[in-house]
Amino acid sequence: MFVFWIMTAVLTALAGLLVLAGARRGAVIDGGVSAAAELAELDRLRARGLLDEAGWSAARAEAGRRILSSGRETAPVLAEPRDRLWVLGELAVMAAAALGLYAAIGMPGMPDQAYERRVDQWAGELDTLEPAQIAAVAARVVKDRPDDHQALTMLGAARFEAGDPIGAASAFRRALILQPDDAQSWSRLGESLARANGGAVGADAEAAFNQSLRRDPDQLGARYFLGEAALARGDARAARAMWGPLIAALDPADPRRADLQRRLPGGTN
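From a predicted model like this one, the values you see are computed outputs, not experimental measurements. (Residues numbered from 1 in each chain as written. Predicted model: local features only at pLDDT ≥ 70, side-chain atom pairs only at ≥ 80, totals over all residues. Heavy atoms only, no water.)

**Student:** Can you break down a nonpolar patch on the surface residue by residue, with the values?
**Tutor:** Taken together, the side chains of Ile6, Val10, Leu11 and Leu14 make up a nonpolar region of the molecular surface, amounting to roughly 350 Å² of accessible area. Tracing the chain through its elements places Leu14 in helix α1 (residues 2-25). (Patch = residues over 30% accessible without salt bridge, like charges linked within 9 Å, V, L, I, M, F, W, Y side chains within 5 Å. Areas by Shrake-Rupley, 256 points an atom, 1.4 Å probe, with all protein chains shown as cover. Salt bridge = Lys/Arg side-chain N within 4 Å of Asp/Glu carboxyl O. Helix = DSSP H or I, 4+ residues; strand = E, 2+ residues; numbered from the N terminus.)

**Student:** So what about the pattern of salt bridges? Which residues, and what values?
**Tutor:** Taken as a whole and assessed by the stated rule, the structure comprises seven salt bridges. Close ionic contact of Glu206 with Arg233 constitutes a salt bridge, the shortest N to O distance being 3.1 Å. In this pair, Glu206 sits in helix α10 (residues 203-215) while Arg233 sits in the loop between α11 (220-232) and α12 (236-249), placing the two residues 27 residues apart along the sequence. Glu228 serves as the salt-bridge partner of Arg263, at 2.8 Å between the closest nitrogen and oxygen. With Arg263 in helix α13 (residues 255-263) and Glu228 in helix α11, this residue pair connects regions lying 35 residues apart in the sequence. Note on Arg263: relative accessible area 28%, which makes it partly exposed. (Buried < 20%, exposed > 50% of the residue type's maximum accessible area, 1.4 Å probe, protein only.)

**Student:** So, the side chain of Arg223: which residues are in play, and what are the values?
**Tutor:** You can see Arg223 is positioned in helix α11. It turns out Arg223 is buried and unbridged, and the closest side chain with the opposite charge, Asp218, is 6.0 Å from it. Looking at Arg223, its side chain comes within polar contact range of the main-chain oxygen of Pro217, at 3.0 Å. (Lys, Arg positive; Asp, Glu negative; His and termini not counted. Polar contact = N/O pair within 3.5 Å; in protein donor to acceptor, adjacent residues only side chain to side chain.)

**Student:** I'd love a proper account of the nonpolar core, names of residues and values included.
**Tutor:** In terms of nonpolar packing, the biggest core is built from 27 residues, with Leu189, Val201, Ala205, Phe209, Trp243 and Leu260 touching the most fellow members. With residues near it in sequence (within four places) discarded, Trp243 still touches Arg223, Tyr224, Gly227, Glu228, Leu231, Leu260, Arg263 and Leu264. The next biggest cluster of nonpolar side chains, apart from the first, holds nine residues, and it includes Ala135, Val142, Ala151 and Ala175. (Core = buried A, V, L, I, M, F, W, Y, C linked by side-chain atoms within 4.5 Å. Contact = heavy atoms within 4.5 Å.)

**Student:** Tell me what's going on with the packing of α12 against α13, and back it up with residues and numbers.
**Tutor:** Where α12 contacts α13, the axes come no closer than 9 Å and their chain directions differ by 155 degrees. If you check the angle between α12 and α13, you find them roughly antiparallel. As α12 packs across α13, the resulting crossing turns out to be left-handed. Between α12 and α13, the residues in contact are Trp243, Leu246, Ile247 and Ala248 and Arg257, Leu260, Gln261 and Arg263, respectively. Looking at the contact of α12 with α13 residue by residue, the class counts come to five nonpolar, one polar and two charged. (Axes fitted to C-alpha atoms, helices over the stretch in contact; angles between N-to-C directions. Parallel < 35°, antiparallel > 145°, perpendicular 65-115°, else oblique. Left-handed = near helix turned anticlockwise from the far one by under 90°. Nonpolar A, V, L, I, M, F, W, Y, C, P; charged D, E, K, R; others polar.)

**Student:** Describe the side chain of Ser187, naming the residues involved and giving the relevant values.
**Tutor:** Looking at the secondary structure, you find Ser187 in helix α9 (residues 183-196). Setting aside anything within four residues of it in sequence, one finds Ser187 in contact with Phe209, Ser212, Gln219, Gly221 and Ala222.

**Student:** Give a description of the confidence of the model for the protein chain that names residues and reports values.
**Tutor:** In the predicted model, the protein chain carries a mean pLDDT of 79, and the fraction of residues at 70 or more is 68%. Counting interchain partners and residues more than four positions distant, the pLDDT-below-50 stretch residues 27-33 has eight contacts. (pLDDT = per-residue confidence, 0-100.)

**Student:** How would you sum up the environment of Arg159? Please name residues and give values.
**Tutor:** Structurally, Arg159 can be placed in helix α7 (residues 149-161). Filtering out sequence-adjacent residues up to four positions away, Arg159 remains in contact with Ala135, Asp164, Gly167, Ala168 and Ala171.

**Student:** Tell me about the environment of Arg195, and name the residues and values.
**Tutor:** Assignment of secondary structure puts Arg195 in helix α9. Judged by relative accessible area, Arg195 falls into the partly exposed class, the value being 42%. With residues near it in sequence (within four places) discarded, Arg195 still touches Phe160 and Pro165.

Pasting the structure below:
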């Protein structure tokens, strides 16, 4: 809320500066009026016989050149110092009125009631929700029950599917504090960290995948990413050790199996 008041003050000051800057620039007048009057005067002089044809043509040509080369003129500044005080005073009055109205009818610090009602509705429609909506429902459950391991893992999975890998990693870390031997959560943590790193398996993600396999060697997702990390650093032996059981677990007709075999240096049976 404190940040809101700071931003309000800054925007009010900027509005005052814009108004004062516009006043200092003054009004813009069009030079075309004086040019038209000059041409009309030349025509009158010619009509009265005071200019011959050659003189009239030369004068018109000169006036035309001036019209084409002339720019727009800026009128002199008409604002006086006390005018600026009036402008700033009026802006201050408007800002004070807005703040008074907000204090009278606003509710500082109150949650978004409309959003809370939507979450209430989503809680009864889990089968039809999008990942971001499921994450909102799970976040409320976690807020009420911060030691609920299942809610934390559901929150992590929903955030991951909603495109929030950093939020997912945070949820899985909290779940692992409660149950450090949860191999699947270690694997999901590593996957979240890898996605947050643009798909690359960094040191933190690799450590999480190793923790997963240490607790459950059948975590095939962890094996896949560890194999990717091994290939990235040119360690073909480690890649075969990781992907061998994964390839064996896949159905022979599964196209992923053929792809892994193709990418694996030296191949595998």
